[in-house]
Amino acid sequence: MKLGVVGLPNVGKSTLFNAITSAGAQAANYPFCTIEPNTGVVAVPDERLQVLANMYHPKKVTPASVEFVDIAGLVKGASKGEGLGNKFLSHIRECDAIVHVVRCFDDENIIHVDGSVDPARDMETINLELIFADMETVKKRGDKAEKLVKTGDKKYAEEAALAKKLYEHLESGKPARTYPFTKEEKEAVRDYFLLTGKPVIYAANIAEDQLGQDPDSIPYVRAVRDAARKEGAEVLVISAQIEEEIAQMEEEEKKEFLQELGIPASGLDRMVQACYRLLGLISFLTAGEDECRAWTIVNGTKAPQAAGKIHTDFERGFIRAEIVPFETLKELGSMALCREKGLIRSEGKDYVMQDGDVTLFRFNV
């Protein structure tokens, strides 16, 4: 899962990204890597792994991971190549979802590119740049399909008609993700790689001293929520400054600090979990003395394809999956007891994996 972190310059995006990369470096037993200077990988928080680790005492514990890409501050005119527009628009194209950081604090020491803080305007600036880039893509594809209509192939006429409707939708200032695609239309535009077709989470970045307040009491946060509601997007309220501090802490210190603030989980943890939901992802688990591990799959994945996540041979030679739900294993305390009570199910090729399935794949190649 690759998430692009976007926003105007000076909204706290780099501070948040510093927290992301520090958190990656701190993740216990997790081989942190920075693939490029602007990319960091962090662990997906999953308390179930610790329960399994206490049962199995494995040599290593490997959580699922998320890759974040820090996309340099977009500016007005990015779709026309302003700033480093084209380069960074191409980085967004490669991401699965967008985390759009919006500044929700006043600070006279931090200059705002437009001279004042206005979350709704800032959100629109970024969204319009992405919409303009998509309009160009859709127009090119529509023009190409239009030329091919004369071949008599029905699909080109359908594509040209869809491109026209989609262009009008974008032209009205609406992102592609709000277009009412049919299943067939969604498939037809998949290779357009539309920037505004990607799911988005808005991260409302508040000041350090506002953390712990009711977010709805902060006018800037209300403005972000009102704008996000129009496109059915989720809003996370965070303080990038605090996140950067939390990321440097040891696990126990971090827990105490969050308790003092009255917050159940760090903003980064909440962001990763929200992105999981946004992309329709779940985790199945494997456990043993060598390793306890969480594996990321799309909700609806069948057992053989899930096995293929571990190794292609597992999918090719799939026989069956032996499964016990995590909650059942946790309650009984051992796989041996689950087996004794007949609670380990044997599932075949048509079984749809569920979140938290503790799984052993049987295969033969």
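Quick look at the structure, then. For clarity, every value in this text was computed on a predicted model and none was experimentally measured.

Procedures and definitions
Residues numbered from 1 in each chain as written. Predicted model: local features only at pLDDT ≥ 70, side-chain atom pairs only at ≥ 80, totals over all residues. Heavy atoms only, no water. Pairing = 2+ DSSP bridges. Helix = DSSP H or I, 4+ residues; strand = E, 2+ residues; numbered from the N terminus. Phe/Tyr/Trp six-rings, centres within 6.5 Å; stacked < 30°, edge-to-face > 60°. Buried < 20%, exposed > 50% of the residue type's maximum accessible area, 1.4 Å probe, protein only. Disulfide = S-S within 2.5 Å. Core = buried A, V, L, I, M, F, W, Y, C linked by side-chain atoms within 4.5 Å. Contact = heavy atoms within 4.5 Å.

### Some thoughts on the pairing of strand S10 (residues 318–325)
1) Next: Pairing geometry for S10 and strand S12 (residues 357–363), over seven bridges, is antiparallel. Bridge assignment links Pro325 to a residue of S12, and that residue is Asp357.
2) Next: Note that S10 and strand S11 (residues 345–347) share three bridges and pair antiparallel. The residue of S11 that forms the bridge with Ile323 is Arg345.

### What about the packing of aromatic side chains?
1) Next: Applying the stated rule across the entire model yields five aromatic pairs.
2) Next: Centre to centre, the rings of Tyr179 and Phe181 are 4.7 Å apart; their planes meet at 55°, and the pair counts as tilted. Accessibility classification places Tyr179 together with Phe181 in one group, the buried group.

### Comments concerning the state of the cysteines
1) Next: A full pass over the atoms with the stated rule returns zero disulfides.
2) Next: Cysteine Cys95 remains unbridged, with the sulfur of Cys275 as its closest cysteine sulfur at 11 Å.
3) Next: In this model Cys104 remains outside any disulfide bridge; the closest cysteine sulfur is found in Cys275, 17 Å from its own.

### Quick look at the nonpolar core
1) Next: By size, the foremost hydrophobic cluster in this structure holds 72 residues, and its most contacted members are Ile20, Phe68, Ile92, Tyr202, Val224 and Met271.
2) Next: Ranked by residue count, the leading element in this core is helix H10 (residues 267–278), at six residues.
3) Next: Apart from the residues within four sequence positions on either side, Met271 is in contact with Leu16, Phe68, Val99, Ile201, Leu236 and Ile238.
4) Next: One finds Phe284, Ile297, Phe314 and Ala321 within the second-largest nonpolar core, a separate group that totals 14 residues.

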